[in-house]
Amino acid sequence: MLLQKVFHGTNGKLLISCVNPLITCSSVARLKHTQNELNEHRAKVMGRGLPERKPLPGVKSIILVASGKGGVGKTTTAVNLACAMKVIEPDKEIGLLDADVFGPSVPLMMNISGEPMLNDDNLIEPLLNYGVKCMSMGLLVSGENAVVWRGLMVMQALERLTRHVAWGPLDCLVVDTPPGTGDTHLSLAQNLPIDGALVVTTPQSAALQVTRRGVNMFEKLKVPLIGMVENMSHAICPKCGTKNFVFGNETKKSAEQMRLEIIESFEVDQNMSDCINSGKPAIYALPDSIHAEKYRQLANKVFKYIENKDNEQANAKKQ
Ligand SMILES: Nc1ncnc2c1ncn2[C@@H]1O[C@H](COP(=O)(O)OP(=O)(O)OP(=O)(O)O)[C@@H](O)[C@H]1O
Ligand SMILES: [Mg+2]
């Protein structure tokens, strides 16, 4: 009900500011379940088998950027990947969905703001920057308002951000996900035909352990894994050029155990952080940097993955 009000204004614009998205403590308490109850419910849902995953109209491929762990660079990867895909294939239509309804950071990192408009079909028009179509909960609720989304509300919010947005035509939709292995991932995996997930991690054993949980979840949900993106692999001393493995060096071993290929590895770089936090991804701000080159390579590999998958599906249909 709350979301209906949020999304459908009467004058063609979205009436977001008139609804305070902060749910009162009493309604949160009503929705509260113990972790055991949630796990049991999740296992039951998964056990029932997956519902039919309906494609998004006009969207050819969907790629998730995920990790169990927070703060490892998922959004940085998703933003740069989407921009790099547009840069290397300018004729292709690329979208970026910020599925982190709890802490949306795509608006800042893609330098987009303002209320999205509704089109004649009552669909929300994505905002465009760097040639990439973007949508985020951060554009639909005011930045200062705390948002407490639980269970069903997360699913309703994702339904709006996917099926009530004029995404098509799109060759690829890159989806940035929140940390954890919760309702968002379950909802996306159950409802959308996801072509593949990229798993982002740092080389820290704590991060890798949580990443493994994410990988297990995707395997259970039958979401194909494209591979691992190692972020913040090491830092280089600006004075002597020595490589410092500040977060350890466990990625290779863990990737082998998870049977995942490390498809790209990014070192810690202050410029990266500065670019992304100022709303100009490295692909555009520092096109000659090693990071930009690696993001273009990553984009290439994702395009190849999609092409191979399309060919396999076409061959399977012929047989
Ligand atoms: N390779 C890098 N070098 C330097 N800083 C980086 C690098 N990658 C990411 N960062 C910085 O680390 C911080 C966290 O990155 P980001 O927001 O992309 O992580 P996240 O996994 O999406 O976090 P969350 O789980 O909160 O959504 C950001 O300030 C970003 O600028
Ligand atoms: Mg993020």
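Please read all numbers here as calculations on a predicted model, not as lab measurements.

1. With respect to the overall build of the chain
- Looking only at helices and strands, one finds twelve helices and ten strands in the chain.
- For the chain, the proportion of its 319 residues judged to be buried stands at 39%.

2. Considerations on the site of ligand 1
- Neighbouring residues of ligand 1: 21 residues in total, closest Gly70, Gly73, Thr75, Thr76 and Ser273.
- At the level of secondary structure, the elements contributing two or more residues to the shell around ligand 1 comprise helix H4 (74-88) and helix H10 (270-277).
- Here the element with the most residues in the shell around ligand 1 is H10; it accounts for four residues.
- Looking at the shell around ligand 1, its residues break down into eight nonpolar, ten polar and three charged.

3. Remarks on the nonpolar core
- Grouped together as the largest cluster of nonpolar side chains are 75 residues, with contacts concentrated most on Leu81, Ala82, Leu96, Val174 and Val175.
- It is H4 that provides the largest number of residues to this core, a total of eight residues.

4. Structural notes on the pairing of strand S4 (residues 132-136)
- Counting buried positions along S4 yields five of five residues, so the element is predominantly enclosed.
- Of the strand pairs in this sheet, strand S2 (residues 94-98) and S4 are connected by five bridges, and their pairing is parallel. The residue bridging aspartate 98 from the neighbouring strand is serine 136, located in S4.
- Bridging between strand S3 (residues 127-129) and S4 involves three bridges; their strand directions are antiparallel. In the strand pairing of S4, leucine 128 is matched with lysine 133.
- Here S3 folds back onto S4 in antiparallel fashion, the turn holding two residues, of which tyrosine 130 has a positive phi close to 50°.

5. Concerning H4
- For H4, built from 15 residues, the straight-helix expectation of 21 Å at 1.5 Å per residue is met to within 8% by its first-to-last C-alpha distance of 21 Å.
- The buried fraction of H4 is high, at 14 of 15 residues.

6. What about the packing of H4 against helix H12 (residues 290-318)?
- Two elements in contact, H4 and H12, have axes separated by 8 Å at closest approach and are oriented at 75°. In terms of their interaxial angle, H4 and H12 are classed as roughly perpendicular. Here Asn80, Leu81, Ala84, Met85, Val87 and Ile88 of H4 come into contact with H12, specifically with Tyr295, Arg296, Leu298, Ala299, Asn300, Val302 and Phe303.
- Tallied by class, the residues present in the contact of H4 with H12 amount to ten nonpolar, two polar and one charged.

7. Topic: the sheet that holds strand S10 (residues 262-266)
- Read from one edge of the open sheet, eight strands run S3-S4-S2-S5-S1-S6-S7-S10, paired in mixed fashion. Whereas interior strands pair on both sides, the edge strands pair on one side only; in this sheet they are S3 and S10. The average undirected angle you get between the axes of adjacent strands in this sheet is 25°.
- Pairing geometry for S2 and strand S5 (residues 170-176), over five bridges, is parallel. The residue of S5 that forms the bridge with leucine 96 is valine 174.
- Seen against the sheet, H4 touches strand S1 (59-66), S2, S4, S5, strand S6 (196-201) and strand S7 (225-231) and runs at an angle of roughly 165° to S5.

8. Section: unusual backbone geometry
- Between glycine 168 and proline 169 the backbone carries a cis peptide bond, its omega angle lying at -5°.
- With respect to the helices and strands, the residue proline 169 is situated in the loop between helix H6 (151-163) and S5.
- Although it is not a glycine, asparagine 111 sits at a positive phi angle of roughly 55°.
- Turning to its location among the elements, asparagine 111 is positioned in the loop between helix H5 (106-109) and S3.
- Overall, the presence of 14 C-beta atoms within 10 Å leaves asparagine 111 in the partly exposed class.
- With a phi close to 50°, tyrosine 130 is a non-glycine residue in the positive phi region.
- For tyrosine 130, the position within the fold is in the loop between S3 and S4.

9. Topic: the environment of lysine 253
- By the secondary structure assignment, lysine 253 is in helix H9 (residues 251-257).
- A residue is classified by how many C-beta atoms lie within 10 Å of it, and lysine 253, with 12 of them, is exposed.
- Residues lysine 253 and proline 203 lie 50 residues apart in sequence; the distance between their C-alpha atoms is 9.9 Å.

10. Observations regarding the environment of methionine 272
- Relative to the helices and strands, methionine 272 resides in helix H10.
- Methionine 272 gets classed as buried once you count the C-beta atoms within 10 Å, which come to 23.
- For the pair methionine 272 and histidine 291, spaced 19 residues apart in the sequence, the C-alpha separation amounts to 7.8 Å.
- In contact with methionine 272, other than residues within four places in its own chain, are Thr76, Ala282 and His291.

Scoring rules and cut-offs
- Residues numbered from 1 in each chain as written.
- Chains lettered and ligands numbered in written order.
- Predicted model: local features only at pLDDT ≥ 70, side-chain atom pairs only at ≥ 80, totals over all residues.
- Helix = DSSP H or I, 4+ residues; strand = E, 2+ residues; numbered from the N terminus.
- Buried ≥ 20, exposed ≤ 12 C-beta atoms within 10 Å, placed from the backbone.
- Near = placed C-beta within 6 Å.
- Nonpolar A, V, L, I, M, F, W, Y, C, P; charged D, E, K, R; others polar.
- Core = buried A, V, L, I, M, F, W, Y, C linked by C-beta atoms within 7 Å.
- Pairing = 2+ DSSP bridges.
- Expected span 1.5 Å × (residues − 1).
- Axes fitted to C-alpha atoms, helices over the stretch in contact; angles between N-to-C directions.
- Parallel < 35°, antiparallel > 145°, perpendicular 65-115°, else oblique.
- Contact = placed C-beta atoms within 7 Å.

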